[in-house]
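Each chain is listed here by its residues.
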Amino acid sequence: MADPAAELFNYLTVGGILFALGLIGFLVRRNMIVMFLCAEMMLQGISISLVAWGKYHANWGGQMLVIFILTVAACEAAIALALVLMLFHRSGKLDIAFWQEMREDGQPAYVDREIPEEREEDKVWPTLTPAGRLPSRDPEIDLHRSRV
Amino acid sequence: MTLMLSANPLWAAIPWNDLIGSPLAWGVVAGAISLLLLIPGSSQRARTPGLGFAAAALILLGLGMGRADSLGAQLSFWVLAALTVGSAGAAIAMRSAVYSAIWFAVSLLGTGGLFCLQNAQFLGVATVVVYAGAIVVTFLFVVMLAQPEGHDAYDRISWGPLAKPVIVGSAAVLLGLVLGTVGPALGVLGAKATAKATAKATVKTAPETAETPSDSAAKSKAESGAKAGVKTVVTESPSTKGDETAAGAAVTEPSLPNRSAIDTIDGRGHMARLGSVLFSRHLLAVELGGTLLLAALVGAVAIVIQGRDERAKQPAGAGEERDNG
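Residues numbered from 1 in each chain as written. Chains lettered and ligands numbered in written order. Predicted model: local features only at pLDDT ≥ 70, side-chain atom pairs only at ≥ 80, totals over all residues. Heavy atoms only, no water.

Draft legend 1. Summary view of the overall build of chain B. On a plain count of helices and strands, chain B comes out with 16 helices and 0 strands. Per-residue burial for chain B yields a buried fraction of 36% across its 325 residues. Sequence separation of 24 or more characterises 58% of the internal contacts of chain B that already satisfy a separation of 6 or more. Here chain B displays about 18100 Å² of accessible surface, and carbon together with sulfur accounts for 70% of that area. (Helix = DSSP H or I, 4+ residues; strand = E, 2+ residues; numbered from the N terminus. Buried < 20%, exposed > 50% of the residue type's maximum accessible area, 1.4 Å probe, protein only. Contact = heavy atoms within 4.5 Å. Areas by Shrake-Rupley, 256 points an atom, 1.4 Å probe, with all protein chains shown as cover.)

Draft legend 2. Focus on the overall build of chain A. For chain A, the helix and strand inventory stands at 4 helices and 0 strands. Order of helices (α) and strands (β) in chain A, N terminus to C terminus: α-α-α-α. Relative to its 148 residues, chain A shows a buried fraction of 49%. For chain A, the share of sequence-separated contacts (at least 6 apart) that also reach a separation of at least 24 residues comes to 58%. When the accessible surface of chain A is split by element, carbon and sulfur atoms take 60% of a total near 7800 Å².

Draft legend 3. Structural view of the pattern of salt bridges. Residue and element names in this part refer to chain A. Tallied over the entire structure, the rule returns 2 salt bridges over all chains. Taking the shortest distance from any N to any O, the salt bridge between Lys55 and Glu7 comes out at 3.3 Å. Pair noted here: Lys55 is in helix H2 (residues 32-56) and Glu7 is in helix H1 (residues 4-28), with a separation of 48 residues, a long-range link. The class for Glu7 is buried, based on a relative accessible area of 13%. Taking the shortest distance from any N to any O, the salt bridge between Arg30 and Asp95 comes out at 2.9 Å. With Arg30 in the loop between H1 and H2 and Asp95 in the loop between helix H3 (61-91) and helix H4 (139-144), the pair connects residues that are 65 residues apart, well separated along the chain. Note on Arg30: relative accessible area 1%, which makes it buried. (Salt bridge = Lys/Arg side-chain N within 4 Å of Asp/Glu carboxyl O.)

Draft legend 4. Quick peek at the interface of chain B and chain A. Each side of the interface is counted separately: chain B has 111 residues, and chain A has 92 residues. Here chain B meets chain A over a buried area of about 9400 Å², counting both sides, of which 74% is carbon and sulfur. When the buried area of chain B at its contact with chain A is split by residue, Phe139(B), Tyr154(B) and Trp159(B) rank highest and sum to 8% of it. Connecting chain B to chain A are 0 salt bridges. The tally of links between chain B and chain A comes to 6 residue pairs in polar contact (both at pLDDT 80 or more). When the residues that make up the side of chain B that touches chain A are grouped by side-chain class, the tally is 68 nonpolar, 25 polar and 18 charged. (Buried area = accessible area lost by both parts, 1.4 Å probe. Polar contact = N/O pair within 3.5 Å; in protein donor to acceptor, adjacent residues only side chain to side chain. Nonpolar A, V, L, I, M, F, W, Y, C, P; charged D, E, K, R; others polar.)

Draft legend 5. Fine view of the packing of aromatic side chains. Scanning the entire structure with this criterion turns up 4 aromatic pairs over all chains. Measuring from ring centre to ring centre gives 5.0 Å for Tyr11(A) and Phe77(B), while their planes differ by 70 degrees; the resulting arrangement is edge-to-face. Of this pair, Tyr11(A) sits in helix H1 while Phe77(B) sits in helix H6 (residues 71-93), on two different chains. Each member of the pair, Tyr11(A) as well as Phe77(B), is classed as buried. (Phe/Tyr/Trp six-rings, centres within 6.5 Å; stacked < 30°, edge-to-face > 60°.)

Draft legend 6. Layout of the environment of Ala80(A). Positionally, Ala80(A) belongs in helix H3. Distance in space between the C-alpha atoms of Ala80(A) and Ile33(A) is 9.0 Å, their sequence separation being 47 residues.

Draft legend 7. Expanded view of the confidence of the model for chain A. On average, residues of chain A score 85 in pLDDT, and 87% of them reach the 70 mark or higher. Here H4(A) stands out as the least confident element of chain A, with mean pLDDT 75; H2(A) is the most confident, with 93. (pLDDT = per-residue confidence, 0-100.)

Draft legend 8. Summary view of the packing of H1(A) against helix H9 (residues 160-186) of chain B. Closest axis-to-axis distance for the H1(A)/H9(B) pair is 10 Å, and the angle between their directions is 165 degrees. Judged on the interaxial angle alone, H9(B) and H1(A) are roughly antiparallel. In the crossing of H1(A) with H9(B), the sense of the turn from one axis to the other is right-handed. In contact with Ala5(A), Leu8(A), Phe9(A), Leu12(A), Thr13(A), Gly16(A), Ile17(A), Ala20(A), Leu23(A), Ile24(A), Leu27(A) and Val28(A) of H1(A), H9(B) contributes Lys164(B), Ile167(B), Val168(B), Ala171(B), Leu174(B), Leu175(B), Leu179(B), Val182(B), Gly183(B) and Leu186(B). (Axes fitted to C-alpha atoms, helices over the stretch in contact; angles between N-to-C directions. Parallel < 35°, antiparallel > 145°, perpendicular 65-115°, else oblique. Left-handed = near helix turned anticlockwise from the far one by under 90°.)

Draft legend 9. Fine view of H2(A). All names here are of chain A. Between the first and last C-alpha of H2 there are 37 Å, a value that for 25 residues agrees with the 36 Å anticipated at 1.5 Å per step. Taking burial as the measure, the 25 residues of H2 include 21 buried ones, the bulk of the element. Positive backbone phi, approximately 50 degrees, marks Ala58, located one or two places after H2. (Expected span 1.5 Å × (residues − 1).)

Draft legend 10. Structural detail: the packing of helix H4 (residues 23-38) of chain B against helix H5 (residues 47-64) of chain B. All names here are of chain B. Remark: H4 packs on H5, axes separated minimally by 7 Å, with the N-to-C direction vectors making an angle of 160 degrees. In terms of their interaxial angle, H4 and H5 are classed as roughly antiparallel. The handedness of the crossing between H4 and H5 comes out as left-handed. Facing H4, whose interface residues are Pro23, Leu24, Trp26, Gly27, Val28, Ala30, Gly31, Ile33, Ser34, Leu37 and Leu38, H5 presents Arg47, Pro49, Gly50, Leu51, Phe53, Ala54, Ala57, Leu60, Leu61, Leu63 and Gly64. For the contact of H4 with H5, the per-class residue count stands at 16 nonpolar, 5 polar and 1 charged.

Draft legend 11. Examining unusual backbone geometry more closely. Backbone geometry at Ala58(A) places phi at a positive 50 degrees, although glycine is not the residue there. Tracing the backbone through its elements, the reader meets Ala58(A) in the loop between H2 and H3.

Draft legend 12. Quick look at a nonpolar patch on the surface. Residues and elements named next belong to chain B. A cluster of nonpolar side chains, Ile20, Trp26, Val29, Ile33 and Phe53, forms an exposed patch at the surface whose accessible area comes to about 440 Å². The greatest single-element share of the nonpolar patch, amounting to 3 residues, is contributed by H4. Residue placement: Ile33 occurs in helix H4. (Patch = residues over 30% accessible without salt bridge, like charges linked within 9 Å, V, L, I, M, F, W, Y side chains within 5 Å.)

The following block contains the structure:
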């Protein structure tokens, strides 16, 4: 780009937008998995800004910090997923609002007022179209493999 | 209130008139409106205008950004930035957690491309491999294990009617304040930018050596390449500074082989130079990062094992809890 400062500002804008989107998603969404995805999105915004600063100053520092951000994000994802699975086994759902049961005595509970209708396209999983022909099944193997 | 704010130097530094005229500000506003219409908790009819506002936000943000020299560089930045931001918005707007994770992976591909545009090829590839290849896939595993029907009521709602506008509005204001303070400080947004643009237009015909004196950014790139050489000169000439400071400088900055060649981030041998900086100057941090990974691994296993013990001890209680949920 012609002006290094203008280029830096472009990347800072993209990084800032990613951070803001992750912040909104973390605070608005109630699925714990999506909340952690949004936390990772905030880290991505910071990473873009750091790499842009490193390019601007012609310095390795930004990229080094991003490498360690990757490390910390991997650790965070491992522990967060273990915690989410624990919480899921206790509550049976991924809703973060379930854990308002840990509130103090006497505090009013948050109750959902209305739940909007579900759209048809949200009811199905993303699927792959089957390809090739169906393999022949051995009844003896089917006996051993009851749940596949 | 306004008096207090105008006394604040940060507040005074923002060029409000230029910000209102800038497409960036209107892009942020349009993006906030589109998020309000698209994020879970809104009605289904708001989908079409929400998508329209999102497209308008992307176009306005693209118009507000700086121009590149060549059409190819500009097009690649625009496409990658639009891919990153658009799919990140889709990730937080999707009603199904699986689609959110997939859109987040697409956003990561765009981020990797942006890294590659900035002489960070290793990070671009590592982001795609580590995030999209490992972390998002693990997230998908957990979603498919935990939510086998793929959709639930809590994915379609958010926290009450007031929470969403407040959160989106404050995030938009935060972003606007950051852009409005960083832009003028860099001389990109505001009166300085227009002056610079006109100066550049006149200087354009002149040879490249005729730099504007205020353009310190272009110079810093050239300087930092020579910085290492200057430092070694300083340490070798004790007459300018005392012997002790020279010795201190020599101790704090260990001599690295061919340091001036290592320090520049663009050019050939990207991976080799990145590796030599990572394993010489940041060796302790690499070891600490490895220790952190080990601790996280042990911690995750410990969390899961502890939960299994508790569930094995009181199976009846756990079953009741799940029935309640």
